[in-house]
Amino acid sequence: MSRSNHRFGVIVWLMTGPFDASLLASHDMFRIGKDEFCVEGTAVNWILLREGRDLTLIDAGYPGDVAALEASIAEIGHRPEDVRAVLVTHAHVDHVGALNHLHERYGTPALMHPDEVPNATGERHESATPTDVAKRAWRPAVARWSLRITRAGATQHPVVAHAAAFAADGPLDLPGRPVPVHVPGHTSGSTAYLLPEAGAVATGDALVTGHPLLRRPGPQLLPSFFDHDPDRAVAALDVIGRLDADLVLPGHGDPWRGDLALAATRAARLDR
Ligand SMILES: [Zn+2]
Ligand SMILES: [Zn+2]
């Protein structure tokens, strides 16, 4: 696993949409293996899996991350048209921001757990509000983060009308052969994706390793007010801890390598 040795200064002036037009769209990229890449946009990650000329994208950043996401695809020598599907860990705005753009421009499908589809289509809402955050965690680092994500579109509620459920249990017929694992709690349809080839698991927000609201890095849950069902989120750690992987690719924070069972047990014990 290697981290690119410079911050990719991909400067993109966002010309449309209700974002701050001077937002600097940039990304950091971790190369996980030959064909797996974990990319950080606006304090949120997406993952690219490659198989020949085809890609799978896991999660899609904030609405303001569209340019950074496309830049990350170009960075590995590909085009957005190469993405066969976006797999969604859950339908919060920081993970679905580019879905409508990719679908309208390239016809890219967006697949997720059946229980997450209503969250994506707007029939159901299972997310914390900016007020929840402000009430519980107001300090300077949080204020800076709030400003940054607001500029990236955090107060929007993208309606993903084309959201669809993935077809069956077991490995999906997509680059990287990801295996969906239902880990409800953060949202009802939260899903981790096991990547057997890389010995890794993309955990979304069911297990993170860093976040401006957390005081220290390492595998843990987000503060409980972010979870639709905090008790179920703790129970889902059991499922994650039993997976055959030693590399966590989280929705927030750096990739983390270690004993997954131990990490899950510790995360379940932490106060939050
Ligand atoms: Zn979330
Ligand atoms: Zn998130």
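Naming follows an unreviewed UniProt entry, where the protein chain appears as MBL fold metallo-hydrolase of Aeromicrobium alkaliterrae.

**Q** Got a sec to walk through the pairing of strand E2 (residues 28-31)? Specific residues and values, please.
**A** Looking at chain direction, E2 and strand E3 (residues 36-40) are connected through four bridges and run antiparallel. Counted as the bridge partner of Met29 is Val39 from E3. The hairpin formed by E2 and E3 contains four residues between the paired strands.

**Q** How would you explain the UniProt feature "domain: Metallo-beta-lactamase" (unreviewed entry) in the protein chain if you had to name every residue and give the values?
**A** Following the UniProt record, the feature "domain: Metallo-beta-lactamase" (unreviewed entry) maps to residues 43-252 here. Helix makes up 28% of residues 43-252 and strand makes up 20%, while its end C-alpha atoms are separated by 7 Å.

**Q** With reference to specific residues and values, describe the coordination of the zinc ion (ligand 1).
**A** Looking at the zinc ion (ligand 1), the protein donor atoms are His90 (NE2), His92 (ND1), His186 (NE2) and Asp205 (OD), and they sit 2.1 to 2.3 Å from it. Considering all four donor atoms around the zinc ion (ligand 1), the spread of angles at the metal, 90 to 170°, places the coordination shape in the irregular class. Mapped onto the sequence, the donors of the zinc ion (ligand 1) take the spacing H-x1-H-x93-H-x18-D.

**Q** Tell me about the coordination of the zinc ion (ligand 2), and please be specific about residues and values.
**A** Within the protein, the zinc ion (ligand 2) binds to Asp94 (OD), His95 (NE2), Asp205 (OD) and His252 (NE2); these donor distances fall in the range 2.1 to 2.2 Å. Considering all four donor atoms around the zinc ion (ligand 2), the spread of angles at the metal, 90 to 153°, places the coordination shape in the irregular class. Mapping the donors of the zinc ion (ligand 2) onto the primary sequence gives the spacing D-H-x109-D-x46-H. The two metals, the zinc ion (ligand 2) and the zinc ion (ligand 1), are separated by 3.5 Å and share Asp205 as a common coordinating residue. Pair noted here: His95 is in helix H2 (residues 93-96) and His252 is in the loop between strand E12 (247-250) and strand E13 (256-257), with a separation of 157 residues, a long-range link. Overall, the relative accessible area of 0% leaves His95 in the buried class.

**Q** Describe the pattern of salt bridges, and please don't skip the residues or the numbers.
**A** What the rule picks out here adds up to 10 salt bridges. As a salt-bridge pair, Asp35 and Arg50 come within 3.0 Å of each other at their nearest N and O atoms. In this pair, Asp35 sits in the loop between E2 and E3 while Arg50 sits in strand E4 (residues 45-51), placing the two residues 15 residues apart along the sequence. Here the two residues Asp35 and Arg50 agree in accessibility, since each one is buried. Here Asp82 ties to Arg53 by a salt bridge, and the two come within 3.3 Å at their closest N and O atoms. Of the two residues, Asp82 is situated in the loop between helix H1 (66-75) and strand E6 (83-87) and Arg53 in the loop between E4 and strand E5 (54-58); the sequence distance between them amounts to 29 residues. Each of Lys34, Asp35 and Arg50 takes part in one network of salt bridges that share partners.

**Q** Lay out the pairing of E6 in plain terms, naming residues and giving numbers.
**A** Counting buried positions along E6 yields four of five residues, so the element is predominantly enclosed. Sheet analysis places E5 next to E6, joined by four bridges and oriented parallel. Across the sheet, residue Ile58 finds its bridge partner in E6, namely Leu87. For the segment spanning E5, H1 and E6, crossover handedness is right-handed. Relative to strand E7 (residues 110-112), E6 runs parallel, the two sharing two bridges. Counted as the bridge partner of Val86 is Ala110 from E7.

**Q** Quick rundown of the packing of aromatic side chains? Include the residues and the values.
**A** Under the defined criterion, the tally for this structure stands at two aromatic pairs. Geometrically, the ring pair formed by Phe166 and Tyr193 is edge-to-face, given 6.2 Å between the ring centres and 80° between the ring planes. Residue Phe166 is located in the loop between strand E8 (163-165) and strand E9 (179-182), and its partner Tyr193 is located in strand E10 (residues 191-195); the two are separated by 27 residues in the primary sequence. For the residue pair Phe166 and Tyr193, the accessibility class agrees, reading buried in each case.

What counts and how
Residues numbered from 1 in each chain as written. Chains lettered and ligands numbered in written order. Predicted model: local features only at pLDDT ≥ 70, side-chain atom pairs only at ≥ 80, totals over all residues. Heavy atoms only, no water. Pairing = 2+ DSSP bridges. Helix = DSSP H or I, 4+ residues; strand = E, 2+ residues; numbered from the N terminus. UniProt positions renumbered as here; feature names shortened; annotations may be inferred. Donors = N, O, S within 2.8 Å, 3.2 Å for Na, K, Ca; no water. Tetrahedral: all angles 85-135°; square planar, octahedral: opposite > 155°, others 65-115°. Buried < 20%, exposed > 50% of the residue type's maximum accessible area, 1.4 Å probe, protein only. Salt bridge = Lys/Arg side-chain N within 4 Å of Asp/Glu carboxyl O. Right-handed = clockwise from strand over helix to strand, strands pointing away. Phe/Tyr/Trp six-rings, centres within 6.5 Å; stacked < 30°, edge-to-face > 60°.

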